[in-house]
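Survey of secondary and tertiary structure
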Amino acid sequence: MSRQPHDGPAESRLSLSMLPVVTSQERIAGLRQVLSGFSHRCRNSLNGIKMSLYLVQRESRGAIPSAWEELEQTYLQLERIFDRLQAIYRPMPLTLVRSPLGPFLADQEPKWRAWFEANGRTLRVARPSQDLPVDFDPIHLGMGLDAVLAWRAEVRHSSRQPGLSWQTDEGSCELVWDEHEPLPSCVGRAGSAGAEEKDPGSARVDPLALPLLARIVAAHGGRLEATREPGRGFGLTARWPRFHAP
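Residues numbered from 1 in each chain as written. Predicted model: local features only at pLDDT ≥ 70, side-chain atom pairs only at ≥ 80, totals over all residues. Heavy atoms only, no water.

Turning next to the packing of aromatic side chains. This model, assessed by the stated rule, comprises four aromatic pairs. Plain terms: the ring middles of Phe116 and Trp177 are 5.7 Å apart, the flat faces sit at 35° to each other, and that makes the pair tilted. One end of the pair, Phe116, is in helix α4 (residues 101-117); the other, Trp177, is in strand β5 (residues 172-178), and 61 residues separate them in sequence. One exposure class covers both Phe116 and Trp177, and it is buried. The interplanar angle of 70° and the centroid separation of 5.4 Å between the aromatic rings of Trp151 and Phe234 together place this pair among those described as edge-to-face. On the criterion of sequence distance, the pair formed by Trp151 in helix α5 (residues 138-153) and Phe234 in strand β7 (residues 233-241) is long-range, its members being 83 residues apart. Above the ring of Trp151, the side-chain terminus of Arg152 is found at 4.6 Å from the ring centroid. Geometry around Phe234 places Arg152 over its ring, the cationic atom sitting 4.3 Å from the centre. (Phe/Tyr/Trp six-rings, centres within 6.5 Å; stacked < 30°, edge-to-face > 60°. Helix = DSSP H or I, 4+ residues; strand = E, 2+ residues; numbered from the N terminus. Buried < 20%, exposed > 50% of the residue type's maximum accessible area, 1.4 Å probe, protein only. Lys NZ or Arg CZ within 6 Å of the ring centre and 35° of its normal.)

Our focus in this paragraph is the environment of Ile81. Along the polypeptide, Ile81 turns up in helix α3 (residues 68-89). Each C-alpha atom of the pair Ile81 and Pro207 lies 7.6 Å from the other, and the pair is 126 residues apart in sequence. Dropping the residues within four chain positions of it, Ile81 is found in contact with Pro207 and Leu208. (Contact = heavy atoms within 4.5 Å.)

It is worth spelling out the side chain of Arg242 at this point. Looking at the secondary structure, you find Arg242 in the segment after β7. The class for Arg242 is buried, based on a relative accessible area of 8%. At 2.7 Å, the side chain of Arg242 forms a polar contact with the backbone oxygen of Pro133. Once residues lying within four places of it in the same chain are set aside, the contact partners of Arg242 are Leu132, Pro133, Val134, Asp135, Asp169, Glu170, Gly171, Ser172 and Cys173. (Polar contact = N/O pair within 3.5 Å; in protein donor to acceptor, adjacent residues only side chain to side chain.)

A few words now on helix α6 (residues 209-219). Most of α6 is tucked away: eleven of the eleven residues are buried. Among the residues making up α6, those that are buried are Ala209, Leu210, Pro211, Leu212, Leu213, Ala214, Arg215, Ile216, Val217, Ala218 and Ala219.

Moving on: the nonpolar core. The biggest cluster of nonpolar side chains holds 56 residues, and the ones touching the most others in it are Leu101, Leu236 and Trp240. If near-sequence neighbours (up to four positions away) are discounted, Leu236 is found in contact with Val148, Leu175, Val176, Trp177, Leu210, Leu213, Leu224, Glu225 and Ala226. (Core = buried A, V, L, I, M, F, W, Y, C linked by side-chain atoms within 4.5 Å.)

Let us look at the pairing of strand β4 (residues 163-168). In terms of strand pairing, strand β2 (residues 124-126) meets β4 through three bridges, oriented parallel. What sits directly across from Val125, in β4, is Leu164. Bridging between β4 and β5 involves six bridges; their strand directions are antiparallel. The residue bridging Leu164 from the neighbouring strand is Trp177, located in β5. (Pairing = 2+ DSSP bridges.)

What the rule picks out here adds up to ten salt bridges. When the shortest N-O distance is used, the salt bridge between Lys111 and Asp146 registers 3.0 Å. Of this pair, Lys111 sits in helix α4 while Asp146 sits in helix α5; the two residues are 35 residues apart in sequence, bridging distant segments of the chain. With a relative accessible area of 30%, Lys111 lands in the partly exposed category. Within the structure, one salt-bridge network assembled from shared partners comprises Glu109, Arg113 and Arg127. (Salt bridge = Lys/Arg side-chain N within 4 Å of Asp/Glu carboxyl O.)

Here the focus is empty space enclosed by the protein. As enumerated under the stated definition, the model contains one cavity of 30 Å³ or more in all. By volume, the largest cavity amounts to about 70 Å³. Leu145, Val148, Leu149, Leu164, Leu175, Val176, Trp177, Leu213, Leu224, Leu236, Thr237 and Ala238 are the residues that line the largest cavity. Elements with a contribution of two residues or more to the lining of the largest cavity: α5, β5 and β7. In terms of residue class, the lining of the largest cavity is made up of eleven nonpolar, one polar and no charged. (1 Å grid on protein atoms, 1.4 Å probe; cavity = no way out; pocket = protein on both sides within 12 Å on 5 of 7 lines; lining within 4 Å. Points joined across faces, edges and corners; volume = space filled by probe spheres on them. Nonpolar A, V, L, I, M, F, W, Y, C, P; charged D, E, K, R; others polar.)

Shown next as structure tokens:
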């Protein structure tokens, strides 16, 4: 059985409570009924704030207060939360391609590596010996993986090696995010392997990253499992059928 992970402010209670919801179409429909009107009203308010920010910038003629950048970042985070919420509860029609995952992931890899290297960490990618074709939506899957990896790249003071791997067999595809292995420099250092991770509250951290990826995997007919066991670090496993049923 998977355990609910908890990695500080990047995962709010809302995020954790939504994980079991997004795998059920019935629950998603209920979520849409509850949140759609609320999201619409908040979107209208955000649009008003955005217009106010624009007008203040235009009239300031360059004399912007020092706290302005923080204010804009706060607005962008709020806007992204509602983007994520709507992506999660709205219908998610897929545009599928049938291809090995390797070329798609290789296209994204330089961007992901740069995120980790910016914080002094190295992303390890383990490729399968046989990369069979699988049905997937590259736009949606890329969006979900971007959200999760951007969050994990911003986790500071981690003694764990971040790694991505995948494999396919005749019936299914499995994509694994693994932070279980200690970093080489931490092996043998007392307490290092179990060191606490701290999220910095960066603008790149996405509090709805896990529900978003779980929703995308569920739309593919699969399931996302998240684990974090004491002393073993954080991990994700996404599994979906190799060929999407019509």
